[in-house]
Amino acid sequence: MFLPCQRYWLALLCLGFACQSSFAQTEPAAVRFSGRVIDKQTKQPLPGAQVFFPELQRGGIADDSGRFAIAALPAGEHRVRCRLLGYATLDETVQMLEDVEHVFRLVPAPLQAPEVTVTAKLVDRDELAGSDRALAVLRAGDLEKARGQSLGETLEGIAGVTVLQTGPAVAKPVVRGLHSDRVLILNAGVAQEGQQWGGEHAPEIDPFAPARIEVLKGAAGVQYGVGAIGGVIRIEPRPLRDQPGIGGQAWLNGFSNNRQVAGSLLLEGAPRQVPGLAWRMQGSVRRAGDARTPDFNIRNSGFAERSGSLGLGYDKGRATTEVYFSHFSTELGIFTGSHLSNLTDLLRAIARGRPSFDSDFSYDIRPPKQTITHNLVSVRSSLPAGRLGRLHLQYGWQQNHRQEFDAHKPYNDSLAALNQPSFDLTLTTHAADLTLAHHPWRNLFGKLGVSGMRQGNVQAGTVLLIPNFRAYSGGVYALETWARGAWTVNAGVRFDAREQRVYRLINRNVVATVHRFQNATVVAGAIYQFAPAWALAANLGTAWRPPGINELYSNGVHHGTAQFEIGDQSLTSERSFNLDATLRHHGERRRAEISVYRNRLRDFIFLFPQAEPTLTIRGAFPTFRYQQADAVIAGADGLVQYQFTDFFELGVSAAVVRGQNLETREPLFQMPADRLRLFTHWRVPAPAAVQDAHLDVSSTWVRRQTRIPAGADYASPPAPYALLDLSLGGTLTVAAQPVAFEFTVQNALNTSYRDYLSRYRYFIDDPGRSLILRLQTSFGRMPQE
């Protein structure tokens, strides 16, 4: 017989068994695991990172803002893995009794020299199986070694990337032989829309602002739109803080060759009282005088640059919004010796190969010169879209104002008093993008998107090189990836339409001409990981680009390049058929990536020199005409890097580009010359006060460009050359404050040389030796590593 209390415990025990039996027959509660993947050092989002539960065989991929979400996971304790090529794999154990928001902070891999890496995109894959195209990544550590230099100069060390130069102040990136409108530049997520119609029109980017730069080689028009048939350069500023506090960074640089002084100050904060709110502001200045070759000054080659940016964001966990504003302004001189008054002086200048007289150093900037202002506003939002996935919205406004001043005196004193520019162009662009990144479905994941753009250009100068115009474009696209076993396959399709309305003044009447273009972009790629440290990737795609207004309507002297340019209104759209293959190896101490490619271009548009210069009332100028022909650009580039010991690394990179005009059966004009780069990284002994002491030694060999059209240029291609660069760096502690320093000697042997892609190679050498000192420090409460 049971006592009352015994009956109570017996009833409770029976109820417990009943509940246990009931729970055993019920599936565990489903939870959602989401969050972000960021670089631990820079706090930069890491798109494409894999987040994977090995035991559950479930995973997801971080989107463009570094966010991921994996739904319908069983509650409990699980092991999760996060990995991305170029970073150490991170394994963690998480308790998931309810929805979990988590941040992965990945640490960069040990090899820190300039490298070609690949962003991983797969579920349950080794790091190697990442992208069917090479993605060169410059992170904060590598960027610090190039602070104060232009975007083109910063990227020049990457295999397959060269620069199109117009003097010491202007360098435009060239990716596998293509540049300008064929290489899309994304600044804070917005496609940079500048006056791209000039070879001397460099991207208007603050060299201190980027925290990460990625260069995607090859056609990428499905996701990024019309024109990206040569590659994409993605520039991201420092991400906003995710921890309360206030801090900042400061940079100070000095260059001996042109006596350049450059500096930047960044402040950022996140108030503890408003979780999720963060801000950032940055201001930068650069001032340089005349550059110097080993033998003479380059007169009127200085520049003065000012830029600044503001960022404000709010992160609610599942929804984020960020507003970014940047301002860039510069005044830069154009080498005076490139503007000549008659044909005889022009031919003599080319034959002489140096200025007609020696000049003293000066910071003065006189005509011919350019002044450029670029303002940009970017608004980005990301929010969940229920069972569909995640929505990303992007709006961008930007205005590019360019003025170019003639070297010669205007026709009368009243115009001279006004200091009126020859060109005065204002380009205003509105662009919007909406993307849905859908939840992974079995082994398939991807995104759908729609975009639109409105653009207008107004000129007010004395020279009408190009007319006023308005352009409208819109596109829709889908990009999907399937992964299983050792294979990954991706495919995408996009359709775009563009309308260009051109307004010309003919017989004192404004005449409007409309050009309409529409076409599709299709890509397909595959990756096969045939061994733990080896992978083979291939990509096949077709993309297109409509002709630009300058290619259609140019007709006059382009003072920035000191040449007379003639357009062709009958030009049609370019179409590329691109095939490339990449072999990758990523071991503990070894890294290699070797790519071969062939780009068949139908109706390729190029600027071709004419036999005779043009004599105008403003002077004598080499003449170039836009032409169109079927062409092929093929080549190979790659990098091999080996860490022999803990204190010594050795690497070599090379690039070969071949361009052929299929109609004339002659080489294409202005293709990069073959180049080879050897670089070493030494960790050197140093006093206890110096941390991470290192010595970098690199040498670049460039061959003479022998593949040129017969008799088509004003001067023979320059001789081959070799350059030696040295760099010694580390971190000092000064008054309990760490100060990173880098002392670099560029062109250490003071070699006289001319690069084939320099617009001034007809007249002068490239700059000689330069001693560079870079200092950087952080202060305040910076986010914890």
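Residues numbered from 1 in each chain as written. Predicted model: local features only at pLDDT ≥ 70, side-chain atom pairs only at ≥ 80, totals over all residues. Heavy atoms only, no water.

Chemist: How should I be thinking about the overall build of the protein in this particular structure?
Modeler: Helix and strand counts for the protein stand at seven helices and 42 strands. For the protein, the residues scored as buried account for 56% of the 785 residues in total. Here the analysis covers contacts within the protein between residues at least 6 apart in sequence; of these, 68% occur between residues at least 24 apart. Here the protein displays about 32,800 Å² of accessible surface, and carbon together with sulfur accounts for 58% of that area. (Helix = DSSP H or I, 4+ residues; strand = E, 2+ residues; numbered from the N terminus. Buried < 20%, exposed > 50% of the residue type's maximum accessible area, 1.4 Å probe, protein only. Contact = heavy atoms within 4.5 Å. Areas by Shrake-Rupley, 256 points an atom, 1.4 Å probe, with all protein chains shown as cover.)

Chemist: Hey, could you run me through the nonpolar core in this one?
Modeler: Generally speaking, nonpolar side chains in soluble globular proteins are found buried as a group. Counting 57 residues, the largest nonpolar core has Leu-332, Phe-604, Ile-633, Tyr-762, Phe-763 and Ile-764 as its most contacted members. Elements with a contribution of two residues or more to this core: helix 5 (343-352), strand 23 (423-441), strand 25 (468-484), helix 7 (549-553), strand 32 (590-609) and strand 35 (623-645). In terms of residues, this core owes the most to one element, strand 32, which gives seven residues. Setting aside its immediate chain neighbours within four residues, Leu-332 contacts Ala-169, Val-170, Gly-302, Phe-303, Ile-365, Lys-369, Gln-370 and Ile-372. Counting residues in hydrophobic clusters, the runner-up holds 20 residues, among them Val-37, Val-51, Ile-70 and Val-80. (Core = buried A, V, L, I, M, F, W, Y, C linked by side-chain atoms within 4.5 Å.)

Chemist: Could you clarify how one ought to interpret the pattern of salt bridges in this entry?
Modeler: In a structure, side chains of opposite charge can pair up when their charged atoms sit close to one another. Inspection of the entire model under this criterion finds 30 salt bridges. Close ionic contact of Arg-366 with Asp-364 constitutes a salt bridge, the shortest N to O distance being 3.4 Å. By relative accessible area, which is 37% here, Arg-366 ends up partly exposed. By relative accessible area, Asp-364 is classed as partly exposed at 42%. (Salt bridge = Lys/Arg side-chain N within 4 Å of Asp/Glu carboxyl O.)

Chemist: Would you take a moment to explain the confidence of the model for the protein for this structure?
Modeler: Interpreting fine coordinate detail is not advised for predicted regions of low pLDDT. Model confidence for the protein is summarised by a mean pLDDT of 83, while 87% of its residues fall at 70 or above. In the predicted structure, residues 1-28 sits below a pLDDT of 50 and forms six contacts with residues beyond four places in sequence or in another chain. This stretch, residues 110-130, has a pLDDT under 50; its non-local contacts, to residues over four places away or in other chains, come to 111 contacts. (pLDDT = per-residue confidence, 0-100.)

Chemist: What am I meant to see in unusual backbone geometry here?
Modeler: Of all residues except glycine, most have a negative phi; of all peptide bonds, most are trans. For the peptide bond that leads from Pro-367 to Pro-368, omega is 5°, which places it in the cis range. Residue position: Pro-368 is located in the loop between helix 5 and strand 21 (369-384). A positive phi is found at Asp-603, a non-glycine position, where the angle reads about 60°. You can see Asp-603 is positioned in strand 32.

Chemist: Looking at this model, I keep getting lost on the sheet that holds strand 6 (residues 90-96). Mind explaining?
Modeler: Neighbouring strands of a sheet are bound in pairs by backbone hydrogen bonds; such pairs are parallel or else antiparallel. The strand order across the open sheet built from four strands is 3-2-5-6, with neighbouring strands paired in antiparallel fashion. Only two strands of the sheet have a single neighbouring strand rather than two, namely strand 3 (58-61) and strand 6. Taken over all neighbouring pairs, the strand axes of this sheet differ in orientation by 25° on average, direction set aside. Two strands pair when backbone bridges link them, and strand 2 (residues 50-53) and strand 5 (residues 76-83) are joined in this way by three bridges, in the antiparallel orientation. From the neighbouring strand, Gln-50 faces strand 5, where its bridge partner is Arg-83. (Pairing = 2+ DSSP bridges. Axes fitted to C-alpha atoms, helices over the stretch in contact; angles between N-to-C directions.)

Chemist: I tried to follow the environment of Arg-504 on my own but got confused; where do I start?
Modeler: Here Arg-504 is to be found in strand 26 (residues 487-506). Relative accessible area serves as the criterion here: at 22%, Arg-504 is assigned to the partly exposed category. Distance in space between the C-alpha atoms of Arg-504 and Tyr-553 is 9.6 Å, their sequence separation being 49 residues. Here Arg-504 is in contact with Pro-467, Asn-509, Val-510, Val-511, Thr-513, Tyr-553 and Gln-569, once residues within four sequence places are set aside. Looking at Arg-504, its side chain comes within polar contact range of the side chain of Thr-513, at 3.4 Å. (Polar contact = N/O pair within 3.5 Å; in protein donor to acceptor, adjacent residues only side chain to side chain.)

Chemist: Please explain the side chain of Glu-499 as it appears in this structure.
Modeler: Mapped onto the fold, Glu-499 is located in strand 26. Among residues more than four places away in sequence, those in contact with Glu-499 are Arg-470, Ala-471, Tyr-472, Val-514, His-515 and Arg-516.

Chemist: Help me understand the packing of aromatic side chains, please; the structure alone is not making it clear to me.
Modeler: Under the counting rule described, the total for this entry stands at 19 aromatic pairs. Judged by centre distance (6.3 Å) and plane angle (35°), the rings of Tyr-528 and Phe-530 are tilted. With a relative accessible area of 40%, Phe-530 lands in the partly exposed category. A ring pair is formed by Phe-648 and Trp-682, whose centres lie 4.3 Å apart and whose planes are at 45°; its orientation type is tilted. Of this pair, Phe-648 sits in strand 36 (residues 648-661) while Trp-682 sits in strand 38 (residues 675-683), and the two are 34 residues apart along the sequence. Overall, the relative accessible area of 16% leaves Phe-648 in the buried class. Since its relative accessible area comes to 34%, Trp-682 is described here as partly exposed. (Phe/Tyr/Trp six-rings, centres within 6.5 Å; stacked < 30°, edge-to-face > 60°.)

Chemist: What is the right way to look at the environment of Val-274 in this model?
Modeler: Checked against the element boundaries, Val-274 lands in the loop between strand 17 (260-270) and strand 18 (277-288). It is 9.1 Å that separates the C-alpha atoms of Val-274 and Pro-244, two residues lying 30 residues apart in sequence.

Chemist: Please explain the sheet that holds strand 7 (residues 100-106) as it appears in this structure.
Modeler: Strand order in the open sheet formed by three strands is 4-1-7, with mixed pairing between adjacent strands. Each end of this open sheet is capped by a strand with a single partner; those strands are strand 4 (67-74) and strand 7. The mean angle between the axes of side-by-side strands here comes to 25°, regardless of whether they run parallel or antiparallel. In this structure, strand 1 (residues 30-39) lies alongside strand 4, joined through six bridges in antiparallel fashion. Within strand 4, the position partnered with Arg-36 by the bridge is Arg-67.

Chemist: Even after reading the chapter, I still don't get the side chain of Ser-329, so can you show me in this structure?
Modeler: For Ser-329, the position within the fold is in strand 20 (residues 320-333). Using a relative accessible area of 8% as the deciding quantity, one classes Ser-329 as buried. Apart from residues no more than four positions distant in its own chain, Ser-329 is found in contact with Ala-304, Glu-305, Arg-306, Ile-372 and Thr-373.

Chemist: Please clarify how the pairing of strand 25 should be interpreted in this entry.
Modeler: A regular strand places its side chains on the two faces of the sheet in alternate fashion. As defined by bridge partners, strand 24 (residues 444-459) adjoins strand 25 across 14 bridges and the pair is classed as antiparallel. From the neighbouring strand, Gly-449 faces strand 25, where its bridge partner is Tyr-477. In this structure, strand 25 lies alongside strand 26, joined through 17 bridges in antiparallel fashion. Bridge pairing links Asn-468 to Tyr-503 in strand 26.

Chemist: What should I look at first to understand the environment of Glu-236 in this one?
Modeler: Considering the arrangement of structural elements, one finds Glu-236 in strand 15 (residues 231-237). Distance from Glu-236 to Gly-189, taken between C-alpha atoms, is 7.4 Å for residues 47 residues apart in sequence. Not counting the four nearest positions on each side in its chain, Glu-236 is found in contact with Gln-44, Ala-188, Gly-189, Ala-209, Pro-210, Ala-211, Arg-212 and Arg-380. Among the polar contacts made by the side chain of Glu-236, one reaches the side chain of Arg-380 at a distance of 3.2 Å.

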